[in-house]
Amino acid sequence: MPETTIQKGQEIELTIDSLAYGGRGVSKVDGYVIFVKNSIPGQKVKALIYRKKKGYAEARPLEVLEESPHIVSAPCEHFAYCGGCTFQQLDYAEQVHQKKQHVEDLFRRQAGIADFTIDEVIPAEKQFNYRNKMEFSFSNRRWTLPDEGDETERSFALGLHVPRRYDKILDINSCHIQPELGNEILNTVKTKARELKLKPYDVKTHIGFLRHLVLRFGHNTGDVMVNFVTSYENPELIKPLADHIHAQFPQVTSIINNINTKKADIAFGEYETLLYGEPTITEKMGDLTFEISANSFFQTNTKQGANIYQAVLEGAKLTGKENVYDLYCGTGSISLFLAKNAKEVHGFELITSAVEDATRNAMTNLITNVRFHKANLDFFFKKGKSHKDLSVPDVIVIDPPRAGMHKDMVNALPRFDAKRLVYVSCNPTTQSRDVALLIENGYGLKKLTMVDMFPHTPHIETVGILEKN
Ligand SMILES: C[S@@+](CC[C@H](N)C(=O)[O-])C[C@H]1O[C@@H](n2cnc3c(N)ncnc32)[C@H](O)[C@@H]1O
């Protein structure tokens, strides 16, 4: 580890070389790493060191001495406080470049995986209004801005979490990464809920009614779902709000009430009731049609989701004779995408409603060579457990949540002896960890493809192709 004379409280001139995951600038002084808040590559800043640790220090900029050639003005009024789009000040080409550097660093340097090819990132054509799902939180603990006076009302907010504050919500008027209709619904819900005197849920005392507002959009169909997550069921309270949204927005095709009575702060209920319209929304991707329930996973950027599936299809190299497993299959989109090039596909998924959606989606699309199984993959294939009624897979597609695969699942994978694994991930940190373990167990990483699903955020999706040695 490099020695350093840098001290807490020191003011220092730094040149920002790159971005760390999460969006902070990175500067190196004689090999010693300094993370600088609110800075972008190419800037030279005067910064104050406010924390010093053994391997790194943290600083905040006091003054920009030289501006970066990559700076652009952030269009969002909430940019300075909202933790969502931390890259908004960086031009898009540089965002994509930084994401690629980050993935390469994770795989090549940190995980020690050297011998694979990496494509250029597939960029997003649409860099704003691209999300087909947004989750907002109601709160009685509104984050107050520095220029707001003492009289400001703090007891009602509908918006997004302030970074690293589970209890504070930044009131949002306009979010640039959701469709404009989403902003109109958000503001109408906010005004009407206050007029009706509905109480936001308090995450500390667990008292209050309104917890989350989840919006879903069928970008290729025009369907819109409004999902109110409440802490208990009370039709008398929620119905006037739902009626108002129905009257104001006739294009809304589905209004749902999810009831989450648990303390966990998630926009997901133990059960749901239908307040208006259809229980699902429909979305189209390529020539496939998907019905999606409020709680089922569906790729959040429809256009870039299709690019991911195309990369999966190319990587899987199917000839029509293969048995395919689609692990963590959600509403079955990858299974259905691959089905016409495979002999049969088995999808595995934890959430019951997603398995039901997947089965219905297969029927809607007249696809008969797929089967979906409800399974907790943390232990479903654990050593000693095999599923003899299922055909042995030739190709396995894996698309786990951000935490990656459970270690028992990673260890069970080589036992199938599949010739090819296609590992889709929304978190290259956990993906590189799992891939390193698969490499120890007889697989080689051949290729990584990256798809930018979420412009202006640090996130990047990766598709890794592994083949048996
Ligand atoms: C990133 S999503 C992938 C969905 C799907 N492949 C797609 O493209 O739409 C991850 C999925 O894993 C499911 N999941 C999470 N933990 C699981 C577990 N332990 N066992 C099975 N499925 C799980 C989630 O419900 C979610 O549908």
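Residues numbered from 1 in each chain as written. Predicted model: local features only at pLDDT ≥ 70, side-chain atom pairs only at ≥ 80, totals over all residues. Heavy atoms only, no water.

Peer 1: Would you mind showing me how to read the overall build of the chain here?
Peer 2: Counting its regular elements, the chain contains 8 helices and 23 strands. Expected size for 469 residues packed as a compact globule is a radius of gyration near 23 Å; at 24 Å, the chain falls within 12% of this value. Summarising its shape, the C-alpha atoms of the chain cover approximately 65 × 65 × 40 Å along the three principal directions. Buried positions account for 53% of the 469 residues belonging to the chain. (Helix = DSSP H or I, 4+ residues; strand = E, 2+ residues; numbered from the N terminus. Rg over C-alpha atoms; globule rule 2.2 N^0.38 Å. Buried < 20%, exposed > 50% of the residue type's maximum accessible area, 1.4 Å probe, protein only.)

Peer 1: Mind showing me how you'd approach the site of the ligand here?
Peer 2: In the vicinity of the ligand lie 18 residues, with Gln-299, Tyr-309, Glu-349, Asn-376 and Leu-377 positioned nearest. At 3.1 Å from a nitrogen atom of the ligand is found a main-chain nitrogen or oxygen belonging to Tyr-328. Asn-376 places a polar side-chain atom, nitrogen or oxygen, 2.8 Å from a nitrogen atom of the ligand. In isolation the ligand has 590 Å² of accessible area, and contact with the protein removes 90% of it. The residue makeup of the shell around the ligand, split by class, is 11 nonpolar, 4 polar and 3 charged. (Near = heavy atom within 4 Å. Polar contact = N/O pair within 3.5 Å; in protein donor to acceptor, adjacent residues only side chain to side chain. Areas by Shrake-Rupley, 256 points an atom, 1.4 Å probe, with all protein chains shown as cover. Nonpolar A, V, L, I, M, F, W, Y, C, P; charged D, E, K, R; others polar.)

Peer 1: Just checking my understanding: could you explain the packing of aromatic side chains for this structure?
Peer 2: To describe a pair of aromatic rings, one takes the distance between the centres and the angle between the planes. Applying the stated criterion to the full structure yields 14 aromatic pairs. With a centroid separation of 5.8 Å and an interplanar angle of 50°, the aromatic rings of Phe-348 and Phe-380 are classed as tilted. Residue Phe-348 is found in strand E18 (residues 344–349), and its partner Phe-380 is found in the loop between strand E19 (370–374) and strand E20 (395–398); the two are separated by 32 residues along the sequence. Side by side, Phe-348 and Phe-380 carry an identical accessibility label, which is buried. Its guanidinium or amino end placed over the ring of Phe-116, Arg-108 lies 4.2 Å from that ring's centre, counting from NZ or CZ. Here the guanidinium or amino end of Lys-468 rests over the ring plane of Tyr-443, the centre of that ring lying 4.9 Å away. (Phe/Tyr/Trp six-rings, centres within 6.5 Å; stacked < 30°, edge-to-face > 60°. Lys NZ or Arg CZ within 6 Å of the ring centre and 35° of its normal.)

Peer 1: Just checking my understanding: could you explain helix H6 (residues 352–364) for this structure?
Peer 2: Two residues of an α-helix separated by three or four positions point the same way, owing to the 3.6 residues in each turn. Here H6 contains 13 residues, and its C-alpha end-to-end distance of 18 Å stays within 8% of the 18 Å for a straight helix at 1.5 Å per residue. For H6, the complete set of buried residues consists of Ala-354, Val-355, Asp-357, Ala-358, Asn-361 and Ala-362. Each buried residue of H6 lies within a common arc of 160° when the element is viewed along its axis, so the set occupies one face. Against strand E15 (280–285), strand E16 (288–293), helix H5 (333–339), E18 and E19 lie the buried residues of H6. Immediately beyond the C-terminal end of H6, within one or two residues, lies Leu-366, with a positive phi of roughly 55°. (Expected span 1.5 Å × (residues − 1). Arc of directions from axis to C-beta. Contact = heavy atoms within 4.5 Å.)

Peer 1: How do you make sense of the side chain of Lys-190 when you look at a structure like this?
Peer 2: Relative to the assigned elements, Lys-190 resides in helix H2 (residues 180–195). The buried category is assigned to Lys-190, whose relative accessible area is 7%. Non-local contacts of Lys-190, meaning those with residues more than four positions away in its chain, are made with Phe-156, Leu-158, Asp-171, Ile-172 and Asn-173.

Peer 1: How should I be thinking about empty space enclosed by the protein in this particular structure?
Peer 2: Over the atoms, a rolling probe the size of a water molecule traces out where space has been left empty. For the coordinates displayed, the defined rule picks out 3 cavities of 30 Å³ or more. A volume near 80 Å³ is recorded for the largest cavity. If you go around the largest cavity, you meet 14 residues; those closest to its centre are Phe-138, Ser-139, Tyr-201, Val-203 and Asp-265. Contributions of two or more residues to the lining of the largest cavity are made by strand E8 (133–139) and strand E11 (210–217). (1 Å grid on protein atoms, 1.4 Å probe; cavity = no way out; pocket = protein on both sides within 12 Å on 5 of 7 lines; lining within 4 Å. Points joined across faces, edges and corners; volume = space filled by probe spheres on them.)

Peer 1: How do you make sense of unusual backbone geometry when you look at a structure like this?
Peer 2: Most peptide bonds are trans, and most residues other than glycine sit at a negative phi. The phi torsion at His-206 lies on the positive side, around 65°, for a residue other than glycine. Judged by relative accessible area, which is 29%, His-206 ranks as partly exposed. Phi at Leu-366 takes a positive value of approximately 55°, unusual for a residue other than glycine. In this fold, Leu-366 is placed in the loop between H6 and E19.

Peer 1: How do you make sense of the nonpolar core when you look at a structure like this?
Peer 2: When a protein is soluble and globular, its nonpolar side chains tend to lie buried together. Core analysis: the largest hydrophobic core is formed by 74 residues, its most contacted members being Phe-136, Ile-185, Val-189, Leu-213, Val-226, Phe-228 and Val-312. Counting contributing residues per domain, this core is built from domain 2 (96–126 + 301–468) and domain 3 (133–282), each supplying no fewer than three. The contact partners of Val-226, leaving out residues within four places of it in the chain, are Ile-185, Leu-213, Val-214, Leu-215, Ile-245, Val-252, Ser-254, Ile-255 and Ile-256. Core analysis: the next-biggest nonpolar cluster, separate from the first, contains 39 residues, Phe-107, Val-121, Ala-124 and Leu-327 among them. (Core = buried A, V, L, I, M, F, W, Y, C linked by side-chain atoms within 4.5 Å. Domains from an automatic or database assignment.)

Peer 1: Where do I start with the packing of helix H1 (residues 92–110) against helix H8 (residues 428–440) in this structure?
Peer 2: Each pair of packed helices can be described by the angle between their axes along with the distance between the axes. Closest axis-to-axis distance for the H1/H8 pair is 10 Å, and the angle between their directions is 25°. Classified by the angle their axes make, H1 and H8 are roughly parallel. The element H1 and its partner H8 pack so that their crossing is right-handed. On H8, the residues that touch Val-103, Leu-106 and Phe-107 of H1 are Pro-428, Thr-429, Gln-431, Ser-432 and Val-435. The residue makeup of the contact of H1 with H8, split by class, is 5 nonpolar, 3 polar and no charged. (Axes fitted to C-alpha atoms, helices over the stretch in contact; angles between N-to-C directions. Parallel < 35°, antiparallel > 145°, perpendicular 65-115°, else oblique. Left-handed = near helix turned anticlockwise from the far one by under 90°.)

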